Amino acid sequence: MGKILTIAMPKGRIFEEAAGLLRQAGYQLPEEFDDSRKLIIDVPEENLRFILAKPMDVTTYVEHGVADAGIAGKDVMLEEERDVYEVLDLKISRCHLAVACLPHTAHSGVAPRVATKYPNVASSYFREQGEQVEMIKLNGSIELAPLIGLADRIVDIVSTGQTLRENGLVETDKICDITSRLIVNPVSYRMKDEVIDEMASRLSLIVEGDKTK
Ligand code: PRP
């Protein structure tokens, strides 16, 4: 029997696309993969074990080596700066990080308050812009902050733009494009290089083969 590879998968909106990509790459994943509440799913036929984590935590599991590999958004990689290898851009879950606010937000002269799930990324962005801001860390529903007067601006993920639109917010600056990446623990990469390289090349064939993405 080959070596078992443990992969940290992000629960939520990336999950379906990531699972779809693995299936396209020829990995036989069971039905329970899609609608189970289980947090650990073994797929012995493929020598794979999946752990289902919060997207922000995937890099933590991989850095600590409890998962050999994982699928993480570039947003999480930029925010967390973990000691992991990024081996492949999977080109799924495309979105971007942006600054947004209510239209006609007046500049009060004092440091604007910025609400975000990404305080590190946002801080370095505003530092580069030479602007002093006050950071307010939230864990979700970031768009709420300017609506109720908690913040003047937000830094958040924009995908379809629907959340901004429906809450009357406008994007003022784009920070960077985001896609999901295959990441690997450095020690695992040494110990299980063959299986990891195989997975990366099978996924790469699908990613690069589909030029419509
Ligand atoms: C993300 C993000 C935005 C929204 C953007 O939130 O933080 O709120 O999606 O998507 P859209 O441009 O297609 O509307 P998510 O739904 O992941 O939940 P969260 O608010 O708890 O972070």
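So, here is what we can say about the structure in this document. (Residues numbered from 1 in each chain as written. Predicted model: local features only at pLDDT ≥ 70, side-chain atom pairs only at ≥ 80, totals over all residues. Heavy atoms only, no water.)

### With respect to the side chain of Arg181
With respect to the helices and strands, the residue Arg181 is situated in strand β11 (residues 180–184). Residue Arg181 is classed as buried on the basis of its relative accessible area, which comes to 12%. Of note is the side chain of Arg181, whose polar atom sits 2.7 Å from the side chain of Glu86. A polar side-chain atom of Arg181 sits 3.0 Å from a polar atom in the side chain of Thr179. If we skip the residues at most four places from it in the chain, Arg181 touches Gly70, Ile71, Ala72, Lys74, Glu86, Leu88, Asp89 and Leu90. (Helix = DSSP H or I, 4+ residues; strand = E, 2+ residues; numbered from the N terminus. Buried < 20%, exposed > 50% of the residue type's maximum accessible area, 1.4 Å probe, protein only. Polar contact = N/O pair within 3.5 Å; in protein donor to acceptor, adjacent residues only side chain to side chain. Contact = heavy atoms within 4.5 Å.)

### Quick word on the nonpolar core
Met9, Phe50, Leu90 and Leu203 are the most contacted members of the largest nonpolar core, which totals 30 residues. Of all the elements in the fold, those that place two or more residues in this core are β1 (5–10), α1 (13–24), β2 (40–43), β3 (48–53), β4 (69–73), β11 and α9 (193–209). A total of 6 residues in this core trace back to one element, the largest contributor, which is α1. Counting residues in each nonpolar core, the second largest holds 12 residues, with Val99, Ala122, Tyr125 and Phe126 among its members. (Core = buried A, V, L, I, M, F, W, Y, C linked by side-chain atoms within 4.5 Å.)

### Observations concerning the site of the ligand
Lining the immediate environment of the ligand, one finds 13 residues, of which Arg13, Lys117, Thr160, Gly161 and Thr163 sit closest. Out of a free accessible area of 500 Å², the ligand has 74% covered by protein chains. Given that more than half its atoms are within 2 Å of the pocket grid, the ligand belongs to the largest pocket. Only β9 (153–158) and α7 (162–166) provide two or more residues apiece to the shell around the ligand. For the shell around the ligand, the element with the most residues is β9, which contributes 3 residues. Of the residues in the shell around the ligand, the class split is 2 nonpolar, 7 polar and 4 charged. (Near = heavy atom within 4 Å. Areas by Shrake-Rupley, 256 points an atom, 1.4 Å probe, with all protein chains shown as cover. 1 Å grid on protein atoms, 1.4 Å probe; cavity = no way out; pocket = protein on both sides within 12 Å on 5 of 7 lines; lining within 4 Å. Sits in = over half its atoms within 2 Å of the grid points. Nonpolar A, V, L, I, M, F, W, Y, C, P; charged D, E, K, R; others polar.)

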